[in-house]
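Working through the structure, step by step
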Amino acid sequence: MVPGARLVILGKQGAGKGTQCVRLSRHYIVPHISTGDIFRAAVKAGTEFGEKAREYMDDGDLIPDEVVIGVVTERLDRDDTKNRGFILDGFPRTVVQADALDEMLKPRAIDVAVNVEVPTEVVLSRLAGRRVCEDCGANYSVERPPKENWTCDVCGGEVVQREDDIEAAIERRLKHYEEQTEPLLVWFEKREKLLPVSGVGHPDEVTARLIRAIDVYREQRV
Ligand code: AMP
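Here goes a summary of the coordinates provided. (Residues numbered from 1 in each chain as written. Predicted model: local features only at pLDDT ≥ 70, side-chain atom pairs only at ≥ 80, totals over all residues. Heavy atoms only, no water.)

**Remarks on the pattern of salt bridges**
Going through the model one piece at a time under the given rule, you end up with 18 salt bridges. Across the pair arginine 172 and aspartate 61 runs a salt bridge whose closest N-O atoms are separated by 2.7 Å. Remark: aspartate 61 occurs in the loop between helix H3 (48-58) and helix H4 (65-76) and arginine 172 occurs in helix H8 (residues 167-190); sequence separation between them is 111 residues. Take arginine 172: its relative accessible area is 40%, and that puts it in the partly exposed class. Take aspartate 61: its relative accessible area is 23%, and that puts it in the partly exposed class. Residues participating in the shared-partner salt-bridge network are Arg130, Arg162, Asp164, Asp165 and Arg173. (Salt bridge = Lys/Arg side-chain N within 4 Å of Asp/Glu carboxyl O. Helix = DSSP H or I, 4+ residues; strand = E, 2+ residues; numbered from the N terminus. Buried < 20%, exposed > 50% of the residue type's maximum accessible area, 1.4 Å probe, protein only.)

As structure tokens, this is what we get:
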């Protein structure tokens, strides 16, 4: 039986985090917790909370720390994360969120924060071509579309371009990433929890590389 995992996955938008997190969550048999997916679901459900989240998301801005921390605290409190662990995708995004995560998880920290590294030029072209299922969030691209007419292979939902994948919002999101998320790399590095892994190549190759790197890292620290 594969052991569980307590992972944070970092990387620029378009680094392939979403796709890789789904695969890692199947491999380690732990829930994939994506704050972006949680907020998109709230927007879709049309709740008051969702309406507020939408204003930030459509502009490519970050949702305030206290809101995001509240959502993640509630999610990590459920039993499914307690036994085998979790894969956090899109959280933490700021140093304040990283400090809060540390507190939430005490006394047991994460295993490691994996930084999926992809050059900005590659990320820009991937984001422009990215398409997602409106219903289940499955990822596709212009090069790898669903089998039938932009209908999701997994759930039959409509496959569309995300509203925040338009050029102006992409630029803002990458800028936020540099300003707010890159200090996180330093934060994890200081705690000897940062594992950089290249995200360039075919998705299958990247998955194998990630699993190998995570397993080796964990073996060395047992
Ligand atoms: P993502 O799918 O991770 O790119 O997230 C989409 C959008 O959701 C972001 O551009 C933010 O507006 C919001 N969001 C997701 N996670 C966070 C977070 N940890 N902190 C602040 N905002 C977030």
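**Here we look at the state of the cysteines**
If you walk through the whole model with that rule in mind, you get zero disulfides. Here cysteine 21 is not disulfide-linked; the sulfur of cysteine 136 is the nearest cysteine sulfur, at 15 Å. (Disulfide = S-S within 2.5 Å.)

**So, the sheet that holds strand E4 (residues 112-117)**
Taken in spatial order, the five strands of this open sheet run E2-E3-E1-E4-E8, and their pairing is parallel. In this open sheet, the two edge strands, each paired with only one partner strand, are strand E2 (32-34) and strand E8 (194-198). When strand polarity is set aside, the average angle formed by the axes of neighbouring strands in this sheet is 25°. One ladder, built from five bridges, connects strand E1 (residues 5-10) with strand E3 (residues 85-89); its direction is parallel. Among the inter-strand pairings, alanine 5 is bridged to a residue of E3, identified as glycine 85. Running at roughly 65° to E2, helix H2 (residues 35-45) makes contact with E2 and E3 of the sheet. (Pairing = 2+ DSSP bridges. Axes fitted to C-alpha atoms, helices over the stretch in contact; angles between N-to-C directions. Contact = heavy atoms within 4.5 Å.)

**Here's the deal with the site of the ligand**
Near the ligand you find 16 residues, and of these Thr35, Arg40, Asp61, Gly90 and Gln97 are the closest. At a separation of 2.8 Å, a nitrogen atom of the ligand approaches a polar backbone atom of glycine 90. In the complex, the protein chains occlude 96% of the 480 Å² of accessible area that the ligand would expose alone. If one sorts the elements of the shell around the ligand by residue count, H2 sits on top with four residues. Among the residues forming the shell around the ligand, the class breakdown is six nonpolar, four polar and six charged. (Near = heavy atom within 4 Å. Polar contact = N/O pair within 3.5 Å; in protein donor to acceptor, adjacent residues only side chain to side chain. Areas by Shrake-Rupley, 256 points an atom, 1.4 Å probe, with all protein chains shown as cover. Nonpolar A, V, L, I, M, F, W, Y, C, P; charged D, E, K, R; others polar.)

**Thoughts on the layout of surface pockets**
Space inside the second largest pocket adds up to approximately 550 Å³. Taken together, 19 residues line the second largest pocket, and the ones lying closest to its centre are Arg40, Val43, Lys44, Glu134 and Arg162. Counting residues per element, the ones that place at least two in the lining of the second largest pocket are H2, H3 and strand E5 (130-133). In terms of residue count, the dominant contributor to the lining of the second largest pocket is H2 (five residues). (1 Å grid on protein atoms, 1.4 Å probe; cavity = no way out; pocket = protein on both sides within 12 Å on 5 of 7 lines; lining within 4 Å. Points joined across faces, edges and corners; volume = space filled by probe spheres on them.)

**Examining the packing of aromatic side chains**
Enumeration according to the criterion identifies two aromatic pairs in this entry. Ring geometry for phenylalanine 39 versus phenylalanine 49: centroids 5.9 Å apart, planes at 50°, classification tilted. Of this pair, phenylalanine 39 sits in helix H2 while phenylalanine 49 is found in helix H3, placing the two residues 10 residues apart along the sequence. A relative accessible area of 35% means that phenylalanine 49 is categorised as partly exposed. If you follow arginine 191 out to its NZ or CZ, it ends over the ring of tryptophan 187, 3.7 Å from the centre. Against the face of tyrosine 217 rests arginine 221, its NZ or CZ located 3.8 Å from the ring centre. (Phe/Tyr/Trp six-rings, centres within 6.5 Å; stacked < 30°, edge-to-face > 60°. Lys NZ or Arg CZ within 6 Å of the ring centre and 35° of its normal.)

Keep in mind that these numbers describe shape and distance, not what the molecule does.
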